[in-house]
Structures are given as C-alpha cells and as structure tokens.
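# Breakdown of the fold
What follows is the residue order along each chain.
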Amino acid sequence: MGRDGTVSLRRERYDRQIGCAPGGHARPFGMIIMLQTEFPFVLPCGYVDEQGNLHREGSMRRATAIDEIEPLEDPRVQRNEAYLSILLLSRVITRLGTIGAITPTIVERLFATDFLYLQDLYIQINAAAPHLVETQCPACGSRFVIDVGVGEMAG
C-alpha cells in the first residue's frame, strides 16, 4: 500500500463493484449482473449548433423495443425508409455536449462522418449477442457476470 492509501481505496472500489464485502468476503445476495446501458462517445467531427458552438462528447443508451417500433409509423419513414436511422438516433442519444434534448433536426444536421459513426455505435450497442462474461472474484471466489461491451472502445 502506498503512503496515501491508494491501493487500499482501489481494492475497496473493486470489492464494491464485484459484490464483495470489505475484507474480501462474499456478499450474501448471490450473482451480480452489471449491464451497461449508456455508452459515452466522442464524435470524429462534432455538431456545430446555430450559435457556432462545437459539440463532440455525448452518450448513447441501449435502444428499447418501442424505440425501434414507434418510428416505423412516422410518415417520414414511410416516405423514405432511410429516415428511420435519424429517428432512432434522436431517441437514443441522451447527451451531446451541452444540448439538452436531441431532436431529429439535430441528427439531420450532423456531418456524414459523425452520422455514420453513430450508426455503427448504435449497431454495436444493440447487437443481438450480449457482451456478458461470467468471471470470478480473485479475493473471495464469488462468481458474477459483467458486461464487457463497447464501453471501452468509445471515444
């Protein structure tokens, strides 16, 4: 342990994350599933708002069934199937810089590079195969499942 106690603090954080009680003893509540539902990203180019501000950092959440079903009834999608991607992204992007609500108009105004980047991220986040891995705590031996999805690759 370092003089500042960093190793001890890291160990406590690790124990809390994987479900161990302090001291490395397994907690009584069994298997823990940590499913990542929101993913940070950094756009390659960035969105320029009407005031000329550049917004590059944001986050996207996993899509729900209604996110994918509801836009299918939108007249813009019925006229042009490609518009579905714009509506989907506007529903699942939770943050883009300091912009509060992400609208289809904002997604429409993204540079093509950023639009393609976000489409790829959407597909990775919502892939049919989950990124769940079962593992074991080296200190106490309790088994748990973690999500090793795209969170590490964003940015």
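For the structure, see preceding data.
Here goes a summary of the coordinates provided.

What counts as what
- Residues numbered from 1 in each chain as written.
- Predicted model: local features only at pLDDT ≥ 70, side-chain atom pairs only at ≥ 80, totals over all residues.
- Heavy atoms only, no water.
- Helix = DSSP H or I, 4+ residues; strand = E, 2+ residues; numbered from the N terminus.
- Expected span 1.5 Å × (residues − 1).
- Buried < 20%, exposed > 50% of the residue type's maximum accessible area, 1.4 Å probe, protein only.
- Arc of directions from axis to C-beta.
- Contact = heavy atoms within 4.5 Å.
- Pairing = 2+ DSSP bridges.
- Axes fitted to C-alpha atoms, helices over the stretch in contact; angles between N-to-C directions.

What follows concerns helix 6 (residues 112–125). For helix 6, which comprises 14 residues, the first-to-last C-alpha distance of 20 Å matches the rise-based estimate of 20 Å (1.5 Å per residue) to within 8%. Of the residues making up helix 6, those classed as buried are D114, F115, L118, L121, Y122 and I125. Axial view of helix 6: buried residues confined to an arc of 125 degrees, hence all on one face. In helix 6, the exposed residues that point more than 90 degrees away from the buried face are A112 and I123. Elements that come into contact with the buried residues of helix 6 comprise strand 4 (38–48), strand 5 (54–61), helix 2 (65–69), helix 4 (83–92), strand 6 (93–96) and helix 5 (104–108).

A sheet is described by the order of its strands in space; here 3 strands give the open sequence 4-5-6, paired in antiparallel fashion. The two strands at the open ends of the sheet, each matched to only one other strand, are strand 4 and strand 6. Strand-to-strand twist in this sheet, taken as the mean axis angle between neighbours without regard to direction, amounts to 25 degrees. Summarising the sheet, strand 4 and strand 5 pair through 7 bridges and their orientation is antiparallel. Note on strand 5: the bridge partner recorded for P40 is S59. Helix-sheet contacts for helix 6 involve strand 4, strand 5 and strand 6, and the interaxial angle to strand 4 is about 170 degrees.

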